Structures are given as C-alpha cells and as structure tokens.
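One-letter residues, chain by chain:
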Amino acid sequence: ILPEPLAREPLPVLGCYVVGSAIVSVWALGALGLQVFRPVRLDRDSLRAMWRFSLPLIATTWVSLLGTYWIDYIVITKFLSLAHLGLYSLANQVAGVVQQVTIISSSILLPHFSVLVAKGDTGAIQRFISGVLPWGFLALSLFLGLFMLHVGPVVPALFGREFDASVQPLALLMIATILLALYNSFTPLLTAQGATWTLMWITLPTAAVNIVMDLLLVPLLGINGAALSTVLAYATSAGLVLFVVGRRVGQPLLSYAWFGLPVVLVVLCTFLLTGWTLYVCGLLLLAGSALFLARLFGLRRNDEVMILLVGLLGDRFRRVPG
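The rules we used
Each chain has its residues counted from 1, running along the sequence as written. It should be noted that, the model being predicted, local features are given only for residues of pLDDT at least 70 and side-chain atom pairs only at 80 or more, the latter also being counted only at that level, while totals for whole chains, interfaces and linings use all residues. Hydrogens and waters are ignored; side-chain quantities use all the structure's heavy atoms. Numbered from the N terminus, helices here are DSSP runs of H or I no shorter than four residues, and strands are runs of E no shorter than two. For this measure, only C-alpha atoms enter the radius of gyration; the expected value for a globule follows 2.2 Å times N^0.38, where N is the number of residues. Relative accessibility thresholds used throughout: buried, under 20% of the residue-type maximum; exposed, over 50%; partly exposed, between the two (1.4 Å probe, protein chains only). Should any heavy atoms of two residues lie within 4.5 Å, those residues are considered in contact. Any two cysteine sulfur atoms within 2.5 Å of one another count as a disulfide. Each axis is a line fitted through C-alpha atoms, and for a helix only the stretch in contact is used; angles between axes span 0 to 180 degrees, taken between their N-to-C directions. Throughout, the term roughly parallel applies to angles under 35 degrees, roughly antiparallel to angles over 145, roughly perpendicular to angles from 65 to 115, and oblique to all others. Crossings are sorted by hand: turned counterclockwise from the far helix by less than a right angle, the near helix makes the crossing left-handed, and turned clockwise it makes it right-handed. Any carboxyl oxygen of Asp or Glu that lies within 4 Å of a side-chain nitrogen of Lys or Arg is treated as forming a salt bridge with it. Residues belong to a common nonpolar core when they are buried Ala, Val, Leu, Ile, Met, Phe, Trp, Tyr or Cys residues joined through side-chain atoms within 4.5 Å. A residue's pLDDT is the confidence the predictor assigns to it, expressed on a 0 to 100 scale. For Phe, Tyr and Trp, rings pair up if their centres lie within 6.5 Å, where Trp contributes its six-membered ring, and each pair is then called stacked (planes under 30 degrees apart), edge-to-face (over 60) or tilted (otherwise). To estimate how far a helix should extend, the number of its residues minus one is multiplied by 1.5 Å. Directions from the helix axis toward the C-beta atoms define the arc.

### Some points on the overall build of the protein
A count of helical and extended segments in the protein gives 13 helices and zero strands. Relative to a compact globule of 322 residues, whose C-alpha radius of gyration would be 20 Å, the protein shows 22 Å and is just as compact. Burial analysis of the protein (322 residues in total) assigns 38% to the buried set. Long-range pairs, those at least 24 residues apart, make up 76% of the contacts in the protein with a sequence separation of at least 6.

This is the structure in structure tokens:
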C-alpha cells in the first residue's frame, strides 16, 4: 500500500518489515504480559543441563548459517560478477520459500517425537518412520517435480527475461530441497532424544563440503556450481542423519534417498528439453518414478497412517458433530 515512489526505494520497503515485526511483538507482549519476563530461579544442575543441551544447537545454527548460502554469495563475488550474484540470489530466495515447507514440518514433528520418546514408545516411532514419512517424502518430491515443470516460464514472467539464467540453479536447488526435507524430518527425533551433540557433528562436515565445493565448482560452472555445491552439502547432511537415525531405530533408512528420484529426473529434463517435450517427458517420468517408489516402499492406503496424520494436525479436526 506504499505510494509507488516510496515502494521503489529500499529503505521504505525494509521499513515495512520492521513495522510488521513490531506489530507482532507488541501483540505478543500484550498477550503474554510483562510478568513472563521476570527472572526465573534455576539451580545449578538445571542450568548445567540446559547449557549441555543448548550449546551444540547454538553452534549448529551459526555453522549452518555461515556454511550455506552466505558462503555461496561470498565465493560468487570473488569469481563472478554482481549480475551473477543477483541471478543466484533470486534462485536461492525462491528455493527458500519452497523449503519453508520442510522447516514447518520439522516444527510439527518435534513435539510428536518428544512425546513418543518420553513414553519410550519405540514401536510407534518405527511405525511413524516407515508408515507416515514415506508418504510425505513422495508427496513433496512430486510437488517439487511439478513446480520445476512450470517454473521455467513463471520466473521470467514475474521478474523479467533477464532472470532466465536463474532457472537452472533453481532447478538444482530443488534437489537440495528434497534432501533438506530428509534432514529436517529426522533431526527432530535426534533433538527429542537429546542428541544435540550428534547434530553438531553432522553439521560441521556439511558446512565443510559446501565451502570446499564452492571454491572448486563456482570457477568452473558459475552459479550452477554454487547450486551444485549446496546439493552436495545437503546430500552429506541427509546421508549422515539417515545413517545415524537408522542405527538408533534399527531401520535401514539410507534407502529413503530414493525419494529424490522424481526431482532428479525432472531437473535433468529441464536441462535437456524445452517446450511441450519437457512437459510430456517430465510428467511421464514423474508418474513412472512415483509408481516405482510406491512399489519399492510398499505404499498403499493405510488407515493407521491417516490416524497418525490427523493426530499430528491436532484434535480440532476430530471435533465433528456425531
């Protein structure tokens, strides 16, 4: 709703973000009350336990931040032009919007896993991992494939023809997104089990892979190299999480990497094909890979799966008259 002259300036636009955050903060203070900010008394054992749990998470957060797109940006500015930085930044921002789905799912799964871990119900954890999560991975993989089939004409239409070059790195970042989904779906279980130090040791090699691959691939492949380095980094984190959680729950989870197959096939199509051939081949490959994954993981209608999904979404969906 800003007047057009102001909307074209960066500072007023950033001011909108500040105003939005301020409104939410004021509302939160009013809802919670100032009394919630009074000092809380904790004994030394509680403080020690809190720091032992939190320190790895603090380190992981900063390592993740410095080892992902910020490193991509820095390396791009060293080897490429600012125009390339703008192109990659757009691809990264669009991918980041799509990746919010995986972050939200992680927030939903944490309380669910926490309850199951507190109860010691390992059977329910195993059933959820083998019965519910594969459906979510398949649905996300197919969504990402369909997204890539349409993003080619959509990005130039929204941002201009000069951003055509953002489509290919965005396609590669969709592969990173399905890998991030694998990571974000299983890290809540490790957090619920208190294995925060394990998460830190998974994050460190992931950041190292991203930095090294950026330095090697960006000079060779440009912004596609930056996107590919992100794919390799996320593959490292997803592989390590699947291995660690698989050993903890007694299930071979590395096979879940197959859920990236539909995305990989469509990305290959976007690099090799254009026009109607892209859509036809892409849809056929999506359908074929979906059937392959359904047979590989034995996915079929399961009432227990539906009950678990409804339970995750909340009791309010069961409050139906009669």
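### Quick look at the state of the cysteines
Across all of its chains, the model carries zero disulfides by this definition. For Cys269, which is in no disulfide, the shortest distance to another cysteine sulfur is to Cys281 and amounts to 5.7 Å. Exposure remark for Cys269: the relative accessible area of 6% places this residue in the buried category.

### What about the packing of helix α11 (residues 261-272) against helix α12 (residues 275-296)?
Viewed as axis vectors pointing N to C, α11 and α12 meet at an angle of 165°, and their least axial separation amounts to 9 Å. One element, α11, and the other, α12, form an angle in the roughly antiparallel class. In the packing of α11 onto α12, the handedness of the crossing is right-handed. Seen from α11, the contacting residues are Leu261, Pro262, Leu265, Val266, Cys269 and Thr270; seen from α12, they are Leu278, Cys281, Gly282, Leu285, Leu286, Ser289, Phe292 and Leu293.

### What to know about the pattern of salt bridges
One pass over the structure, following the stated rule, counts three salt bridges. For Asp45, the salt bridge identified is with Arg48, shortest N-O distance 2.9 Å. Of this pair, Asp45 and Arg48 both sit in helix α3 (residues 44-66), three residues apart, roughly one helical turn. As a salt-bridge pair, Arg161 and Asp164 come within 3.0 Å of each other at their nearest N and O atoms.

### Comments concerning the nonpolar core
Membership of the largest hydrophobic core comes to 73 residues, with the highest contact counts inside it found for Ile129, Phe186 and Tyr256. Tallying contributions element by element places helix α8 (residues 167-192) first for this core, with 17 residues. Apart from residues lying up to four places away in sequence, Ile129 is in contact with Pro134, Phe186, Leu189, Val249, Gln251, Leu253 and Tyr256.

### Overview of the confidence of the model for the protein
Residues at a pLDDT of 70 or more form 91% of the protein, whose mean pLDDT is 88. Counting interchain partners and residues more than four positions distant, the pLDDT-below-50 stretch residues 315-322 has three contacts.

### Focus on the packing of aromatic side chains
For the structure on display, the rule yields 13 aromatic pairs. Ring geometry for Trp258 versus Phe292: centroids 5.4 Å apart, planes at 65°, classification edge-to-face. Separated by 34 residues along the polypeptide, Trp258 in the loop between α10 (223-249) and α11 and Phe292 in helix α12 bring together distant segments of the chain. Relative accessible area serves as the criterion here: at 42%, Trp258 is assigned to the partly exposed category. Ring centres of Phe259 and Phe297 lie 4.5 Å apart, and the angle between their planes is 20°; this geometry places the pair in the stacked category. Linking Phe259 in the loop between α10 and α11 with Phe297 in the loop between α12 and α13 (303-313), this pair joins segments that are 38 residues apart in sequence. What makes Phe259 buried here is its relative accessible area of 0%.

### Structural notes on α12
Its 22 residues give α12 an end-to-end C-alpha distance of 32 Å, which sits within 8% of 32 Å, the value for a rise of 1.5 Å per residue. Of the positions making up α12, those classed as buried are Leu278, Gly282, Leu286, Ser289, Ala290 and Leu293. Relative to the axis of α12, the buried residues are bounded by an arc of 110° and lie together on one face. Exposed residues pointing more than 90 degrees away from the buried face of α12 are listed as Trp276, Leu284, Leu291 and Arg295. Buried-residue contacts for α12 involve α7 (133-159) and α11. A positive backbone phi angle near 60° is found at Gly298, which sits one or two residues after α12.

### Quick word on the side chain of Gln251
With respect to the element layout, Gln251 can be found in the loop between α10 and α11. Among residues more than four places away in sequence, those in contact with Gln251 are Gln126, Ile129, Ser130 and Gly246.

### Section: the side chain of Thr177
Looking at where Thr177 falls in the secondary structure, it is placed in helix α8. The exposure class assigned to Thr177 is buried, which follows from its relative accessible area of 0%.

### A word on the environment of Arg295
Along the chain, Arg295 turns up in helix α12. For the pair Arg295 and Asp214, spaced 81 residues apart in sequence, the C-alpha to C-alpha distance is 37 Å.

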